[in-house]
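Letter by letter, the chains look like this.
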Amino acid sequence: MRKLRALLVRLWGLPRRNREDREFSEELQSHLEMHIDENIRTGMSPEQARREALLKLGGIEATTQAYRDQNTLPFFETVWQDLRYALRQLRHNPGFTVTVILTLALSIGANTAIFSLVNALLLKSLPYPHPERMGAIYTRVTGPQPWEERHHVDGEQWELLRDNVPALVSAISGSRPSGVNLESGSRVQYVQSARVSAHYLDVLGVHPLIGRNFSEAEDLPHGPKLALLSYNLWKNTFAANASILGQSVLLKGEPYSVIGILPDGTTTPINADLYIPIQASRQGEGSGTNFVCVTRLRDGATWQQADTQINHAWSLRANKYELADSPGGQVTYYSVPLQKGETDPLRPQVLTLMLAAGFILLIACANLAGLTLVRLLRRTPEIATRVALGASHWRVQQQLWVENLVLALAGGMAGVAAGFLALRGLLLLLPEHFLPIADVLLDSKVLVFAIVTSVATSVLFGMLPALTTRKLDLRSAIASREATARDRVQLRQILITGEMALTVILLAACGLLIRSLIHLQTLPPGFNPTGVMTARASLDNVRYHDGVAFRKLLDDSTSAMRQIPGVTEAAVGLSLPYERALNEGGIEINDGQEAGQKVMADAVYVTPGYFAALQIPVLEGRSFTEVDGPEAQHVVLVNQTFAHKFLHGNAIGRHLDKDMVVIGVVGDVAIAPGLSALAPLMNEETIYVPAAQMDARQFSLLHVWFQPSWIVRTAHPIEGLTGQMQRALASVDPTLPFSGFYRMQDVQAKTLAMQRIEVALLGTIAGLALMLSTVGIFSLVANIVAQKTREIGIRMALGSTIREAMLNIGGPGLRAAALGLSIGLIVSAAVLRALRSALYGIEVYDWPTLATVVLVLVSVSVIATVIPALRIARIDPARTLREE
Amino acid sequence: MGDNDVWQGTLALMILRTLESMGPLHGYGIARRIEQISGDQLIVQYGTLYPALLKLVQEGYIASEWGVSDNNRRARFYKLTRAGRRQIEKESQRWEKAAAILARFSSPAEESL
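All figures in this text were calculated on a predicted structure; none of them were measured in a lab.

Parameters at a glance
Residues numbered from 1 in each chain as written. Chains lettered and ligands numbered in written order. Predicted model: local features only at pLDDT ≥ 70, side-chain atom pairs only at ≥ 80, totals over all residues. Helix = DSSP H or I, 4+ residues; strand = E, 2+ residues; numbered from the N terminus. Rg over C-alpha atoms; globule rule 2.2 N^0.38 Å. Contact = placed C-beta atoms within 7 Å. Nonpolar A, V, L, I, M, F, W, Y, C, P; charged D, E, K, R; others polar. Buried ≥ 20, exposed ≤ 12 C-beta atoms within 10 Å, placed from the backbone. Pairing = 2+ DSSP bridges. Core = buried A, V, L, I, M, F, W, Y, C linked by C-beta atoms within 7 Å. Expected span 1.5 Å × (residues − 1). Domains from an automatic or database assignment. Axes fitted to C-alpha atoms, helices over the stretch in contact; angles between N-to-C directions. Parallel < 35°, antiparallel > 145°, perpendicular 65-115°, else oblique. Left-handed = near helix turned anticlockwise from the far one by under 90°. Arc of directions from axis to C-beta.

(A) View of the overall build of chain A. Scanning chain A from N- to C-terminus turns up 27 helices and 23 strands. Computed over its C-alpha atoms, the radius of gyration of chain A comes to 38 Å, more than 25% above the 29 Å expected for a compact globule of 884 residues. Each of the three principal axes of chain A carries a C-alpha extent, and together these read 130 × 85 × 60 Å. Within chain A, contacts between residues separated by at least 24 positions form 84% of all contacts whose residues are at least 6 apart in sequence.

Here it is, written out as structure tokens:
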């Protein structure tokens, strides 16, 4: 402790050395005079007394130095000196300093932003107590068609898990929150409601702020209607009034009693405004895999026990749907940490980005190493002079490293600021609820990462130049201004080759993603998206479980919308093109050569105007009309893919599910696939049924999953269209709000969000890489020109032309770039294969992309070489020769 | 280091002891006192004394403040702190032990004869 105290006091003494020195010389002075006084008292003459005293003192300077060494820390003092020297040096070279700090800010900023994502998604624990005891269940199928994923579970699995796996507290939720209408007083709100099982909050370790959780008895089919409110909803809608507990709120047109309020800031994996009991069974929703399950290990149990119990419990099932597509396969289940389960789908993308960001850092290092190398070269005479004057090798090194560190830390700070801004921008880019976490923050871990990265960067870019000073030949270094220029140029060429190669990889990867996105965005949509406005409303409402009310709402609201001046058609559909549609299994084909087959397809209920509103062509037969009412012959339209795939092009007049007759074939439209997702947007086999002929018993479930869309087509843009649509709907049901209005471009953008984000992020990174490489080549050539001005002057005096001189000077830059380009292309050939799963409509070896990359890099390299080389033209041989 | 120079380690203890018996004292006074006690066998070099004083200040065993000496000279006075008093106990015991051990070496035990 005493040692530590002394160290701190000495550190403290560093900046106040001057005052301390003054005080000490005063003390010595008084000491000396007291000594002289005493000597005089003992009878010496004043001169003698003084000489004797000074002799005894043993040299004021030496004493002062010994005192100063004790007072401060000699090592730190030199560091302090170096620090001030470094700052002075950097101030005198603003160009160099700004370039370095800017380079660091961009590269460390990019890394900080991406690392924040990695940290938030993969490193940070979930915000629940004992997150390591929380799990998700993965399914592994081995055999002819193996697969492995976190699979949703069905009602039978849920009941067995709940009742026969004592090692776990288990819970389920619906797969995503659904939009519902909450009426409070005269106000109707569209809120996100999640359906969860009894112990959902127990698994998360969340306790209601006030009130209580759902009990097991309340979570059974046909149980009571209860609701838990999130803190924000309670505060914003109910003014944080605790008396709401036990009262009823009107949700989905029915009273739900509020039994609890969640604490402020609670996040759940499903993140909704309110929670209601899921009351799952093996029937209805539970007959399919529609539940997401989360688990928590009970005290004293182990994951091995839990997995054994799960496998045992689920082996007893009647319906082993997992093996439907892989007959003869084996299925097992295992637990993984919930963290992994929640973030697995995003993991490859995030890690790819981190890798790309790492490339940027390497490129930046190569550039900075080149810059510091040149700077060192210019300072060689200065350093040589210092060594000649007796500075130790270590002392010179220390000074160089302090300078690097100052740069790195300044750059690091700028980088954190840049990273913060980049992260905010990135989060704005993401659609709501895109990430399975509440927020991405720059926390202490990210800051430590940024600092470590900066220091590591400074070591990387400082190492090369620092090593070259070891081979300093004093005599030639002091004498010559050009020093040992040759091997330094080679060194820099190697650096540029490396950064060029990395840039090729990043640009090629980015190019492929851009091409892929363009392919998806320009897919023939199969309908006319311009001039269409859509709006969504929740029909998860007890009023609309009745077929008559449902039909009246659709008919009256669409005809009210048709009255809006400028609207040419209005319709309603359960889902829109570009969106995911309802998957319906077990559709039976009743006649023809395929009789008896059961198929799976997307199913969409639509009002008669749907195909006209979206301008989806009717290829054969007829579209729906008002005639196709509830009492009429049940009819169905199939799309082209369905007709080809299941009916061999012979569709009209065929019967599906016994009583439905196919009356027409419509064109395919691009949708987000739900059956076999080969691309984010594609055509999928689809059947369309008239909304009027829907079985009303299906609505309670269908409208939990899907919020139908109202579609209007206008002949020209209409001022205030959305307001008029809302009024048209309100004229039929004043308590039914639209949740939002979307043009078809918005719907498409939402489906392609992941691709757009990938392109935006990787594009930014590749752009940075290109910029840094350009700067690298530019500064290399510019420096060669500056160094060789005299040589060029002599050459030109001896008859060399400007063109020859430019070729001679620009050569090293171009050769390095060309080599880097070739290496980059070779490495890309291997690396880009990893991107295959993210590419649609193009091959990994996409010649247009690669040709563009080569073209861009070649032109950028040539420009970066030619511009500095043009200075040669301004060299006046006579003047350069005189200069020496 | 000459024969009559002071060892660094012992100097600290001597300074503390001096301050214990004399009360607050300036650097010159401390040097004179140590030399007197040793019967002028020790010479306290200032280059040794002041760094030692500073070290004790930094370790918190003594404190310093400016004052006026007997013959009206401005001088820096050093005085013991509470930690310093405790340290005297510890250091003294350590030195006694060390001295005892050394004594055994300089007067060989009888068994070894």
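(B) How the structure looks around the overall build of chain B. Within chain B one finds four helices and three strands. Counting from the amino terminus, chain B carries its helices and strands in the arrangement α-β-α-α-β-β-α.

(C) Quick peek at the interface of chain B and chain A. Opposite the 18 residues of chain B that make contact, chain A presents 20 residues. Looking at which element gives the most residues to the side of chain B that touches chain A, the answer is helix α3 (residues 46–59) of chain B, with eight residues. Grouping the constituent residues of the side of chain B that touches chain A by class yields six nonpolar, seven polar and five charged.

(D) The arrangement of unusual backbone geometry in detail. Residues and elements named next belong to chain A. The backbone phi angle of Ala239 is positive, close to 55 degrees, even though this residue is not glycine. Tracing the backbone shows Ala239 in the loop between α9 (231–238) and β8 (248–251). Since 8 C-beta atoms lie within 10 Å of it, Ala239 is described here as exposed. A positive phi angle, close to 50 degrees, is found at His648, a residue other than glycine. Tracing the sequence through the fold places His648 in the loop between α19 (640–647) and β19 (655–656).

(E) Summary view of the environment of Ser828 of chain A. Residue and element names in this part refer to chain A. Mapped onto the fold, Ser828 is located in helix α25 (residues 802–831). For the pair Ser828 and Ala509, spaced 319 residues apart in sequence, the C-alpha separation works out to 8.3 Å. When neighbours within four sequence positions are excluded, Ser828 is seen to be in contact with Val504, Ile505 and Ala508.

(F) Spotlight on the sheet that holds strand β3 (residues 74–80) of chain B. Residue and element names in this part refer to chain B. Across the sheet, three strands lie side by side as β1-β3-β2; this open sheet has antiparallel pairing. Edge positions in the sheet fall to β1 (25–26) and β2 (62–68), since each of these pairs with one other strand and no more. With seven bridges joining them, β2 and β3 adopt antiparallel strand pairing. Bridging from a neighbouring strand, Val68 pairs with Arg74 of β3.

(G) The nonpolar core, seen in detail. Residues and elements named next belong to chain A. Membership of the largest hydrophobic core comes to 157 residues, with the highest contact counts inside it found for Ile360, Leu506, Ile765 and Ala769. Per element, the largest residue contribution to this core is 17 residues, and it comes from helix α16 (residues 485–521). Excluding its chain neighbours within four sequence positions, the residues that come into contact with Ala769 are Phe359, Ile360, Ile363, Leu502, Thr503, Leu506 and Leu507. Counting residues in hydrophobic clusters, the runner-up holds 55 residues, among them Ala194, Ala227, Leu251 and Phe291.

(H) Here's a closer look at helix α4 (residues 82–106) of chain B. Taking 1.5 Å per residue as the helical rise, α4 of chain B with its 25 residues ought to reach 36 Å, and the 36 Å between its terminal C-alpha atoms agrees with that figure. Across the 25 residues that make up α4 of chain B, only a small minority, two, are buried.

(I) Expanded view of the domain arrangement of chain A. What the domain assignment lists for chain A is domain 1 (2–72), domain 2 (74–130 + 346–483), domain 3 (147–325), domain 4 (484–523 + 757–884) and domain 5 (542–735). Spacing between the C-alpha centres of domain 2 of chain A and domain 3 of chain A amounts to 48 Å.

(J) Molecular detail of the packing of α25 of chain A against helix α26 (residues 847–869) of chain A. Residue and element names in this part refer to chain A. As a packed pair, α25 and α26 sit with axes 9 Å apart at the nearest point and diverge in direction by 155 degrees. Here α26 runs roughly antiparallel to α25, going by the angle between their axes. Along this stretch, α25 crosses α26, giving a crossing that reads as right-handed. Of α26, the residues touching α25 (which contributes Met806, Ile809, Gly810, Gly813, Leu814, Ala817 and Leu821) are Val854, Leu857, Ser861, Thr865, Val866 and Ala869. Its residues placed into classes, the contact of α25 with α26 shows nine nonpolar, four polar and no charged.

(K) View of the environment of Ser326 of chain A. Residues and elements named next belong to chain A. Following the sequence through the fold, Ser326 ends up in the loop between α10 (303–315) and β12 (330–337). The class for Ser326 is partly exposed, based on 16 C-beta atoms found within 10 Å. As a C-alpha pair, Ser326 and Pro146 span 180 residues in sequence and 7.5 Å in three-dimensional space. Residues contacting Ser326, with those up to four places away along its chain left out, are Val141, Gly143, Pro144 and Gln145.

(L) Geometry of the pairing of strand β13 (residues 532–537) of chain A. Residue and element names in this part refer to chain A. For β13, the buried fraction is high: five of the six residues fall into the buried class. Strand direction decides the pairing type here: β13 and strand β22 (residues 709–714), joined by five bridges, are antiparallel. In the sheet register, Arg536 faces β22, and the bridge partner there is Ser709. With five bridges connecting them, β13 and strand β23 (residues 738–743) associate as antiparallel partners.

(M) Expanded view of the environment of Ser281 of chain A. Residue and element names in this part refer to chain A. Along the chain, Ser281 turns up in the loop between β10 (274–277) and β11 (291–297). Counting along the chain gives 543 residues from Ser281 to Gly824, while the straight-line C-alpha distance between them is 57 Å. For Ser281, the contacting residues outside a window of four places in its chain are Gly155, Pro221 and Gly286.

(N) Geometry of α10 of chain A. Residue and element names in this part refer to chain A. The end-to-end C-alpha distance of α10 is 18 Å, a good match for the 18 Å that 13 residues give at a rise of 1.5 Å each. When we look at burial in α10, the residues that qualify are Ala306, Asp307, Ile310 and Trp314. Along α10, the residues classed as buried sweep out an arc of 95 degrees about the axis, all on the same side. Pointing more than 90 degrees away from the buried face of α10 are the exposed residues Gln304, His312 and Ser315. Elements in contact with the buried residues of α10: β1 (134–142), α7 (155–164), β3 (168–174), β11 and β12.

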